[in-house]
Amino acid sequence: MQTYKKFLLAAAATLVMSANAMAAEKLRMGIEAAYPPFNNKDASGNVVGFDKDIGDALCAKMKVECSVVTSDWDGIIPALNAKKFDFLVSSLSITDERKQAVDFTDPYYSNKLQFIAPKNVDFKTDKASLKGKVIGTQRATLAGTWLEDNYGDAVEIKLYDTQENAYLDLVSGRIDGILADKYVQYEWLKSKDGSNFEFKGEPVMDSDKIGIAVRKGDPLREKLNKALAEIKADGTYKKINDKYFPFSIE
């Protein structure tokens, strides 16, 4: 009888350990879901985009089950640190300021900052030419920081909670132009609303590195880096890139 009880206890312990192992194999990825083509929602409300596909590919390499948790952009880093999700794959620029709050993986793509404005206007992008103009940009982004640091004393900066709301004001004529990530602008310019607008000037920054964020000291960072190297090596990354862009954004 005593032996049988020991067997039951051992079996129960094994089940608990197995359950814990299964629980550990589930991760949550944080995504804004309002930044096409990198992340947005389709007609059925499902999160889609380049970031989501990269996240899924990394989870597959790590052999973990992943779910998506959406978050407003303004609170997306605090949400990560509040453990609402385990890693953040939402086109987040790697900056020194953000490094104080989170750890980043190796970059998973590179971006540039560039202005867009109406096709039929003379829109030079030097500081003197833009003096007095109203320029829109998304709040808490590298583009917003760049504008404030470089043109803040010359232009009126209008900040938006989402990139889409900036586009709505541009189309309605409430702002003169937008500064944002080139590849996000590239997608919008192909749309019906964006057809009357174009890139202006050269990129003002061409070394914007985008990384995946995890909480400070989280060993998940190294697992994600390993998985990222693997999807680049086996062609998975290129397949995802080519789904969205006719050129490499790596």
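From a predicted model like this one, the values you see are computed outputs, not experimental measurements.

A.B. asks: Teacher, can you tell me more about the packing of aromatic side chains here?
C.D. replies: Any two aromatic rings considered together are summarised by their centre-to-centre distance and by the angle between their planes. Summed over all chains, the structure comprises 19 aromatic pairs. Taking the centre distance of 5.5 Å and the plane angle of 40° together, the rings of Tyr 183 and Phe 247 count as tilted. With Tyr 183 in helix H8 (residues 182-189) and Phe 247 in the segment after helix H10 (236-244), this pair connects stretches of sequence that are 64 residues apart. Take Phe 247: its relative accessible area is 29%, and that puts it in the partly exposed class. Each residue in the set Phe 38, Phe 50, Tyr 108, Tyr 109, Tyr 183, Tyr 186, Tyr 237, Tyr 244, Phe 245 and Phe 247 is aromatic and connected to the rest through ring pairs, giving one cluster. Above the plane of the ring of Phe 199 lies Lys 182, whose end atom (NZ or CZ) is 5.5 Å from the centre. One Lys or Arg, Lys 232, reaches over the ring of Tyr 237 and ends 5.5 Å from the middle of that ring.

A.B. asks: Looking at this structure, I do not really get the pairing of strand S7 (residues 109-118). What am I missing?
C.D. replies: With 9 of 10 residues buried, S7 is to be regarded as a mostly interior element. Examined bridge by bridge, S7 and strand S11 (residues 197-215) share 8 bridges and lie antiparallel to one another. By the bridge assignment for S11, Pro 118 is matched with Phe 197. Alignment of S7 against strand S10 (residues 177-181), held across 4 bridges, turns out to be antiparallel. Bridged to Leu 113 within S10 is Asp 181.

Thresholds applied
Residues numbered from 1 in each chain as written. Predicted model: local features only at pLDDT ≥ 70, side-chain atom pairs only at ≥ 80, totals over all residues. Heavy atoms only, no water. Phe/Tyr/Trp six-rings, centres within 6.5 Å; stacked < 30°, edge-to-face > 60°. Helix = DSSP H or I, 4+ residues; strand = E, 2+ residues; numbered from the N terminus. Buried < 20%, exposed > 50% of the residue type's maximum accessible area, 1.4 Å probe, protein only. Lys NZ or Arg CZ within 6 Å of the ring centre and 35° of its normal. Pairing = 2+ DSSP bridges.

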